[in-house]
Amino acid sequence: MQPKVLILVLNFNKRDYLLECIRSVMQLSYPSFDLLVVDNHSTDSSVEAVQRHYPHVTVIQTPHNLGAPAGRNFGLKQVPDLTEYGYVLFLDDDAEVAPDSLGFLVAGLESDSVAGIACGKTYTRFPPEIVMSCGIRTNFFLAHCYDMDAG
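Residues numbered from 1 in each chain as written. Predicted model: local features only at pLDDT ≥ 70, side-chain atom pairs only at ≥ 80, totals over all residues. Heavy atoms only, no water.

**Student:** Pulling in residues and values, what's your account of the layout of surface pockets?
**Tutor:** A volume near 1,500 Å³ is recorded for the largest pocket. What lines the largest pocket is a set of 37 residues, among which F90, L91, C119, G120 and T122 lie closest to the centre. Sorting the residues of the lining of the largest pocket by element identifies β4 (87-92), α4 (101-110), β5 (122-123), β6 (131-133), β7 (136-139) and β8 (144-147) as the ones contributing at least two each. Ranked by residue count, the leading element in the lining of the largest pocket is β4, at 6 residues. (1 Å grid on protein atoms, 1.4 Å probe; cavity = no way out; pocket = protein on both sides within 12 Å on 5 of 7 lines; lining within 4 Å. Points joined across faces, edges and corners; volume = space filled by probe spheres on them. Helix = DSSP H or I, 4+ residues; strand = E, 2+ residues; numbered from the N terminus.)

**Student:** Lay out the side chain of D93 with the relevant residues and their values.
**Tutor:** Secondary-structure assignment places D93 in the loop between β4 and α4. For D93, the contacting residues outside a window of four places in its chain are V9, L10, N11, F12, K14, Y17, L18 and C21. (Contact = heavy atoms within 4.5 Å.)

**Student:** Can you lay out the packing of helix α1 (residues 15-26) against helix α2 (residues 46-53) for me, pointing to particular residues and giving the numbers?
**Tutor:** Put simply, α1 and α2 touch, their axes get as near as 9 Å, and they point 35° apart. α1 and α2 meet at a crossing whose hand is right-handed. Contact residues: α1 offers R15, L18, L19 and I22, while α2 offers S46, A49, V50 and H53. Partitioning the contact of α1 with α2 into residue classes produces 5 nonpolar, 2 polar and 1 charged. (Axes fitted to C-alpha atoms, helices over the stretch in contact; angles between N-to-C directions. Left-handed = near helix turned anticlockwise from the far one by under 90°. Nonpolar A, V, L, I, M, F, W, Y, C, P; charged D, E, K, R; others polar.)

**Student:** Hey, could you go over the nonpolar core for me, with residue numbers and the actual values?
**Tutor:** In this structure, I7, V25, L91 and L102 are the most contacted members of the largest nonpolar core, which totals 25 residues. In terms of residue count, the dominant contributor to this core is α1 (5 residues). Excluding its chain neighbours within four sequence positions, the residues that come into contact with I7 are V25, L28, F33, D34, L35, L36, L89, L91 and L102. Counting residues in each nonpolar core, the second largest holds 9 residues, with L6, L10, L36 and I60 among its members. (Core = buried A, V, L, I, M, F, W, Y, C linked by side-chain atoms within 4.5 Å. Buried < 20%, exposed > 50% of the residue type's maximum accessible area, 1.4 Å probe, protein only.)

**Student:** Could you give an account of the sheet that holds strand β1 (residues 5-11), naming the residues involved and the relevant values?
**Tutor:** The 4 strands lie next to each other as β3-β2-β1-β4, forming an open sheet whose pairing is parallel. Each edge of the open sheet is held by one strand with a lone partner, namely β3 (58-61) and β4. Shown here is a sheet whose adjacent strand axes are inclined to one another by a mean of 25°, direction ignored. The pairing of β1 with strand β2 (residues 33-39) spans 7 bridges and is classified as parallel. When the sheet's bridge partners are listed, L10 is paired in β2 with V38. In this fold α1 packs onto β1, β2 and β4, with an angle of close to 175° to the strand it touches most, β2. Here helix α3 (residues 68-77) sits on the sheet in contact with β1, β2, β3 and β4, set at roughly 135° to β1. (Pairing = 2+ DSSP bridges.)

What follows is the structure in structure tokens.
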């Protein structure tokens with residue numbers, strides 16, 4: 001049985017990108033995931049657009065713009081039972097995912113018992129063939145993350 005994944009999309013005033021992000025998530029071939037959209041107090045009718053186009057998607061709103069880390073943490077605190085998920089995938093509102101991407105990420109994590117985090121290769125939106133990141137290098141001592149092999 002494949003582990004269930006919570007996909008948390010953080011949004012702030014990017015309604016059109018958010019709808020494209022959700023569209024791409026809905027095309028994932030990985031069979032076991034839930035989608036949670038955390039709206040970071042947008043003023044562009046993002047929440048209403050998601051409710052109109054994707055009424056089955058859970059959307060929660062923050063009381064004010066909390067920023068990225070606190071917005072994600074706010075969303076996680078709203079999940080009644082995080083233990084039902086083997087993994088959490090954080091996406092930004094302007095991300096789009098390939099249909100097979102989640103399966104590859106989960107397979108990579110499942111094949112390495114000491115791995116605690118995975119990151120896929122990321123392309124820029126314009127032009128889409130430029131690599132933005134081939135992963136992240138993390139310095140836990142300094143709490144810094146760096147994209148690897150950009151450009």
